[in-house]
Amino acid sequence: LILLGVTYLLVTFTQVWWQSTRDEVRTVDAIVVLGAAQWDGVPSPVLEARLEHALRLYENEFAPYIVTTGSNQKGDRFTEAYTGLTYLLERSVPESAILVVIDGSNTFQSLSATGAALDRAGIGSDVLLVSDPYHALRAKEIAREVGLNPWFSPTELDSSFSQLIRETIGTAVGRVIGFRRASTLSE
């Protein structure tokens, strides 16, 4: 059983690493920017990298909509999603092309709320997820679990070994118990 468990983790680590090296850019219904920290309405460098990447994809007409996601931490005046909205508006993206999804304090909740928002807006479920490379596999599997048809286009930020390990554990656990249940373990 121990050998089986170690093998499972090694295979999952390889899948996480491999997916982190792929850019699956293609024409989709919407680009979904996964949230990251913001500082009083100013994107952190990580969130800014995600927003800039989504902006380039939008400008190259890979999708007619950008979805910004992310709630706020206790005491924050702004949400990650609202910070993304203002960032994109300042770069001439029309407000009609941006959906703001503030529901969700983790990837599962944000993507679940994104699926519902896309459905309400009459926008299809083919999405291009934008986040850091290490997050690719788990984000795609969560998106599938909530009914989206995901592809992934990573930022140019590097993934550390510890980030890959953390994602390996998150992906391995999510695959066994389901990503909805796994999302509640850190609450």
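Up top is the structure these notes are about.
So, how was this worked out
Residues numbered from 1 in each chain as written. Predicted model: local features only at pLDDT ≥ 70, side-chain atom pairs only at ≥ 80, totals over all residues. Heavy atoms only, no water. Core = buried A, V, L, I, M, F, W, Y, C linked by side-chain atoms within 4.5 Å. Buried < 20%, exposed > 50% of the residue type's maximum accessible area, 1.4 Å probe, protein only. Helix = DSSP H or I, 4+ residues; strand = E, 2+ residues; numbered from the N terminus. Contact = heavy atoms within 4.5 Å. Expected span 1.5 Å × (residues − 1). Arc of directions from axis to C-beta. Axes fitted to C-alpha atoms, helices over the stretch in contact; angles between N-to-C directions. Parallel < 35°, antiparallel > 145°, perpendicular 65-115°, else oblique. Left-handed = near helix turned anticlockwise from the far one by under 90°. Phe/Tyr/Trp six-rings, centres within 6.5 Å; stacked < 30°, edge-to-face > 60°. Lys NZ or Arg CZ within 6 Å of the ring centre and 35° of its normal. Polar contact = N/O pair within 3.5 Å; in protein donor to acceptor, adjacent residues only side chain to side chain. Salt bridge = Lys/Arg side-chain N within 4 Å of Asp/Glu carboxyl O.

Novice: Describe the nonpolar core, listing the residues and the values that go with them.
Specialist: Taken as a class, soluble globular proteins show a tendency for nonpolar side chains to be buried jointly. If you look at the biggest cluster of nonpolar residues, it comprises 21 residues, and the most contacted ones within it are Val32, Val67, Leu111, Leu118, Val127 and Leu129. Sorting the residues of this core by element identifies strand S1 (30-33), strand S5 (98-101), helix H4 (107-121), strand S6 (126-131) and helix H5 (136-145) as the ones contributing at least two each. No other element matches the five residues that H4 contributes to this core. When near neighbours in sequence (up to four residues on either side) are disregarded, leucine 111 contacts Val32, Leu34, Leu129, Ala139, Ile142, Ala143, Val146 and Leu148. If you look at the next biggest cluster of nonpolar residues, it comprises 20 residues, including Leu85, Tyr87, Ala97 and Val130.

Novice: Please set out H5 residue by residue, giving values where relevant.
Specialist: Counting buried positions over the ten residues of H5 gives eight, a clear majority of the element. Restricting attention to buried positions, one finds in H5 the residues Ala136, Leu137, Arg138, Ala139, Lys140, Glu141, Ile142 and Ala143. In this structure, the buried side of H5 is in contact with helix H1 (2-20), H4, S6, strand S7 (149-154), helix H6 (161-177) and helix H7 (179-183). Looking one or two residues beyond H5, the residue adopting positive phi is glycine 147, at roughly 100°.

Novice: Help me get a handle on H1, residues and values and all.
Specialist: Residue pairs spaced three or four apart in an α-helix point in one direction, given the helix's 3.6 residues per turn. In a regular helix each residue adds 1.5 Å, so 19 residues correspond to 27 Å; H1 covers 27 Å between its end C-alpha atoms and thus fits that length. If you check which residues of H1 are buried, you get Thr12, Val16, Gln19 and Ser20. With its buried residues spanning 105° around the axis, H1 presents them on a single face. In H1, the exposed positions angled more than 90 degrees off the buried face are occupied by Leu3 and Leu10.

Novice: Lay out the packing of H4 against H5 in plain terms, naming residues and giving numbers.
Specialist: Relative to each other, H4 and H5 sit at 45°, their axes nearing to 9 Å. Classified by the angle between their axes, H4 and H5 sit oblique to one another. Crossing hand, H4 versus H5: right-handed. Of the residues in H5, those in contact with Thr107, Phe108 and Leu111 of H4 are Arg138, Ala139, Ile142, Ala143 and Glu145.

Novice: Just give me the short version of the packing of aromatic side chains, but keep the residues and values in it.
Specialist: Think of a pair of aromatic rings as described by two things: how far the centres are apart, and how the planes are tilted against each other in angle. The full count for this structure, using the stated rule, is two aromatic pairs. Taking 5.9 Å as the distance between ring centres and 10° as the angle between the ring planes, the aromatic pair formed by phenylalanine 78 and tyrosine 82 counts as stacked. Lying across the ring of tryptophan 151, arginine 26 places its NZ or CZ 3.5 Å from the centre.

Novice: How would you summarise the environment of arginine 175 if you had to cite specific residues and measurements?
Specialist: Mapped onto the secondary structure, arginine 175 falls in helix H6. In sequence terms arginine 175 and isoleucine 142 are 33 residues apart; their C-alpha atoms lie 9.5 Å from each other. Not counting chain neighbours up to four residues away, the residues in contact with arginine 175 comprise Tyr8, Thr12, Gln15, Leu137 and Glu141. Among the polar contacts made by the side chain of arginine 175, one reaches the side chain of glutamate 141 at a distance of 2.5 Å.

Novice: Go over the pattern of salt bridges with me, naming the residues and quoting the values.
Specialist: Inspection of every chain in the model, using the stated rule, returns seven salt bridges. A salt bridge links arginine 138 to glutamate 167; the shortest N-O distance between them is 2.9 Å. Taken together, the residues arginine 138 in helix H5 and glutamate 167 in helix H6 connect sequence positions 29 residues apart. Just as arginine 138 is buried, glutamate 167 falls in that class too. Put simply, glutamate 141 and arginine 175 hold a salt bridge, and the shortest N to O gap is 2.5 Å. Of the two residues, glutamate 141 is situated in helix H5 and arginine 175 in helix H6; the sequence distance between them amounts to 34 residues. Its relative accessible area of 15% is what places glutamate 141 among the buried residues. For arginine 175, a relative accessible area of 31% translates into the label partly exposed. The structure contains a network of salt bridges with shared partners spanning Glu52, Glu90 and Arg91.

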